[in-house]
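Residue-level structural notes
Given next are the chains, with one letter for each unit.
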Amino acid sequence: MMAHEANFDGLVGPTHNYSGLSAGNIASLTNNHQVSNPKRAALQGLNKMQALANLGLIQGVIAPQMRPDIKMLRRLGFSGSDRRVLQQAAQHAPKLLTSCYSASSMWAANAATVSPSADTQDQRVHFTPANLASHFHRSIEQQTTSRILAAMFNDDNHFYHHQPLPTSEQLGDEGAANHTRFCVQHQDQGIEMFVFGRYGFDHNQPSPTRYPARQTYEASAAIARLHQLDPRHVIMVQQNPLVIDQGVFHNDVIAVGNQQTLLCHQHAFLNQANVYLQLQQKMAGNLTIIEVPNNRVSVNDAIGSYLFNSQLVTLPNGDVSLILPQQCRENSHVWQYIQQLLQAQQGINRVDLFDLNQSMQNGGGPACLRLRVVLTPQEHKAMNPAVLLTDSLFRRLQQWIHLHYRDRLVEDDLVDPALLLASQTALDELTRILKLGSVYDFQRV
Ligand code: SUG
């Protein structure tokens, strides 16, 4: 029986803004205090979803989180009316306020790690929401993410939802951004590659010195155990600490894989030659490894263009496309490399470019915006159909965005309680459109 890869993209939330919250993410740091445009951001993301659906892929939507997280601000000691909480936080702890306002859940590649039923012992699809322990603004996503995923994949016969790993530095987990699955056909037993940035407990092992390594070995190993993966079909790979220190904060900024192809930078991994050997051995030689040389595309070019933060997708007609941000065309080294790649006939035979500038300015490209879930036809049928993108859902979401989203947001706007109310109204309506039930705290009191 055939299985297909579905992409679930994070819908950009109504408070999308640039607050410089992510150490080690150059775009986030550089664009701190820029004026954001939440409406444009959400429409750019939605347009990518629709384009992929039009290419014949299964496309779904992940609802954004409610921001500001007023409950968290209260937990941090701010009290009184919502207006007062916001004002006090702005005055005494502006970084806590911006953190509780971040629309960062849009980067759905960090929502969870997912293992398809073909790989798991109980033959269910396993989900572990990421704890995102490395940054406060992201660590507050996990509970709502868990509820949203459970409301999307809502059949215990087919889907197994784990708790996020404990939120500790030693168990930092950033989800699918550091996880790649290789296989011949999606329904086959796959090889799951977990990429980690450092060891959580052993500080004598190599690790970056300038920027945080967000994913630990211990977290990846725990997920492989929880997902009941056969260790013979798992590979643990350490990211090259030198590239983390240059701004490669997740593996999906330096490598992308799909089915029988791995496209990666020459400096992506520690002991790279050995990684290739192990992968080829586990894939019985059925893997095409396309290594991008540093003298063609430098690490800085990779970070600036997000060449590797692409989606590598197999279309129904067998074409394999690289879904790229338009920044790849603007960088001549990268664009020349892509032309050569297309001519080389190594399996990738088309590219599709997207304007995702609003997300890119916070360090999120096409691959960051989506969570991949391989589904058999039964699993596809068993999930909540209201989150799957159709022409009518696309139009409905377009209208919803136009109705509820602002086209300009700066830090001073974040103290405005009207923004909080507008977000609640919008998300309350969204839970009805996507038939999610009461996934937000404000709906559960
Ligand atoms: O976690 N940026 C996100 C970008 C995540 C990209 N995801 C993947 N590569 N899979 C992050 O660094 C910036 C928010 C701000 O600065 O306002 C932010 O959270």
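Let me sum up the structure you'll find in this document. Quantities reported herein were computed from a predicted structural model and do not represent experimental measurements.

Here is what the cut-offs are and how they apply
- Residues numbered from 1 in each chain as written.
- Predicted model: local features only at pLDDT ≥ 70, side-chain atom pairs only at ≥ 80, totals over all residues.
- Heavy atoms only, no water.
- Helix = DSSP H or I, 4+ residues; strand = E, 2+ residues; numbered from the N terminus.
- Rg over C-alpha atoms; globule rule 2.2 N^0.38 Å.
- Buried < 20%, exposed > 50% of the residue type's maximum accessible area, 1.4 Å probe, protein only.
- Contact = heavy atoms within 4.5 Å.
- Near = heavy atom within 4 Å.
- Polar contact = N/O pair within 3.5 Å; in protein donor to acceptor, adjacent residues only side chain to side chain.
- Areas by Shrake-Rupley, 256 points an atom, 1.4 Å probe, with all protein chains shown as cover.
- Phe/Tyr/Trp six-rings, centres within 6.5 Å; stacked < 30°, edge-to-face > 60°.
- Salt bridge = Lys/Arg side-chain N within 4 Å of Asp/Glu carboxyl O.
- Expected span 1.5 Å × (residues − 1).
- Arc of directions from axis to C-beta.
- Disulfide = S-S within 2.5 Å.
- Pairing = 2+ DSSP bridges.
- Right-handed = clockwise from strand over helix to strand, strands pointing away.
- Axes fitted to C-alpha atoms, helices over the stretch in contact; angles between N-to-C directions.

Once that is clear, we can look at the overall build of the protein chain. The helix and strand inventory of the protein chain stands at 17 helices and 15 strands. Taking 22 Å as the expected radius of gyration for a compact globule of 445 residues, we find that the protein chain reaches 21 Å, a close match to that expectation. Overall, the protein chain is about 60 × 45 × 40 Å in size when its C-alpha atoms are taken along their principal axes. Out of the 445 residues in the protein chain, the part that is buried amounts to 60%. Restricting the contact set of the protein chain to residue pairs at least 6 apart, pairs at least 24 apart contribute 77%.

What follows deals with the site of the ligand. For the ligand, the set of nearby residues contains 22 residues, the closest of which are Leu21, Ser22, Ser28, His137 and Asp252. In this structure, an oxygen atom belonging to the ligand sits 3.4 Å away from a main-chain N or O atom of Asn17. Between the ligand and the protein, one listed contact pairs an oxygen atom with a backbone N or O atom of Ser19 at 2.9 Å. Protein coverage of the free-state accessible area of the ligand, which is 490 Å², stands at 100%.

The next subject is the packing of aromatic side chains. A complete count under the given rule lists nine aromatic pairs for this structure. Consider the rings of Phe196 and Tyr217, whose centres lie 5.3 Å apart with planes at 75°: the pair is edge-to-face. You can see Phe196 sitting in strand β7 (residues 191–196) and its partner Tyr217 sitting in helix α8 (residues 217–226), a full 21 residues away along the chain. Judged by its relative accessible area of 29%, Tyr217 falls in the partly exposed class.

Summed over the entire model, instances satisfying the criterion amount to 14 salt bridges. Between Arg124 and Asp122 there is a salt bridge; the shortest N-O distance is 3.1 Å. In this structure, Asp441 and Arg147 form a salt bridge, with 3.1 Å as the shortest nitrogen-oxygen distance. A residue pair is termed long-range when its members are at least 10 positions apart, and Asp441 in the segment after α17 (417–433) and Arg147 in helix α7 (residues 142–152) qualify at 294 residues. What emerges from the salt-bridge pattern is a single network uniting Lys71, Arg147 and Asp441.

Let us now look at helix α16 (residues 391–404). For α16, built from 14 residues, the straight-helix expectation of 20 Å at 1.5 Å per residue is met to within 8% by its first-to-last C-alpha distance of 20 Å. Regarding α16, the residues found buried are Leu393, Phe394, Leu397, Trp400, Ile401 and His404. Along α16, the residues classed as buried sweep out an arc of 125° about the axis, all on the same side. Turned more than 90 degrees away from the buried face of α16 sit Gln399 and Leu403, all of them exposed. In the core, the buried residues of α16 are packed alongside α2 (38–54), β2 (58–62) and α17.

This paragraph deals with the state of the cysteines. Applying the stated criterion across every chain, the model contains zero disulfides. Unpaired in terms of disulfides, Cys328 finds its nearest cysteine sulfur in Cys368, a separation of 12 Å. On the basis of relative accessible area, Cys328 is assigned to the buried category, the value being 0%.

Before going further, it helps to examine the pairing of strand β10 (residues 261–265). Across the five residues of β10, five count as buried, placing the element largely inside the fold. Going residue by residue along β10, you find Thr261, Leu263 and His265 tucked away on one face and Leu262 and Cys264 tucked away on the opposite face as well. Relative to β10, strand β9 (residues 255–258) is paired through four bridges, and the arrangement is antiparallel. Each residue of the ladder has a partner; that of Val256, found in β10, is Leu263. Relative to strand β11 (residues 288–292), β10 runs parallel, the two sharing five bridges. Across the sheet, residue Cys264 finds its bridge partner in β11, namely Glu291. In terms of handedness, the path from β10 via helix α10 (residues 272–282) over to β11 forms a crossover that is right-handed.

Right, let's get into the side chain of Asn37. Structurally, Asn37 is set in the loop between α1 (26–30) and α2. What makes Asn37 buried here is its relative accessible area of 9%. Within the local environment of Asn37, its side chain forms a polar contact with the backbone nitrogen of Arg40, the two atoms lying 2.9 Å apart. Discounting residues that sit within four places of it in the chain, Asn37 has contacts with His16, Gln358, Arg406, Asp407 and Arg408.

A few words now on the side chain of Asn131. Checked against the element boundaries, Asn131 lands in the loop between β4 (125–129) and α6 (136–139). Within the structure, the side chain of Asn131 is placed 2.9 Å from the backbone nitrogen of Asp173, a separation counted as a polar contact. Once residues within four sequence positions are removed from consideration, Asn131 is found in contact with Ser139, Gln142, Pro164, Leu165, Pro166, Thr167, Leu171, Gly172 and Asp173.

With omega at 5°, the peptide bond leading from Arg67 into Pro68 counts as cis. Mapped onto the fold, Pro68 is located in the loop between β2 and α3 (70–75). Of note in this structure, Gln123 is not a glycine but carries a positive phi near 55°. Here Gln123 is to be found in the loop between β3 (112–115) and β4. Even without being glycine, Ala284 reaches a positive phi, approximately 50°.

Each strand in a sheet pairs with another by means of backbone hydrogen bonds, the pair being arranged parallel or else antiparallel. Within the open sheet, the three strands sit side by side as β3-β4-β5. Their pairing is mixed. Taken across any chain shown, the strands that pair with only one partner, and hence form the sheet edges, are β3 and β5 (159–161). Sheet twist, expressed as the average angle between the axes of neighbouring strands with direction ignored, equals 15°. Contacting β3, β4 and β5, α7 crosses the sheet at an angle of about 160° to β4.

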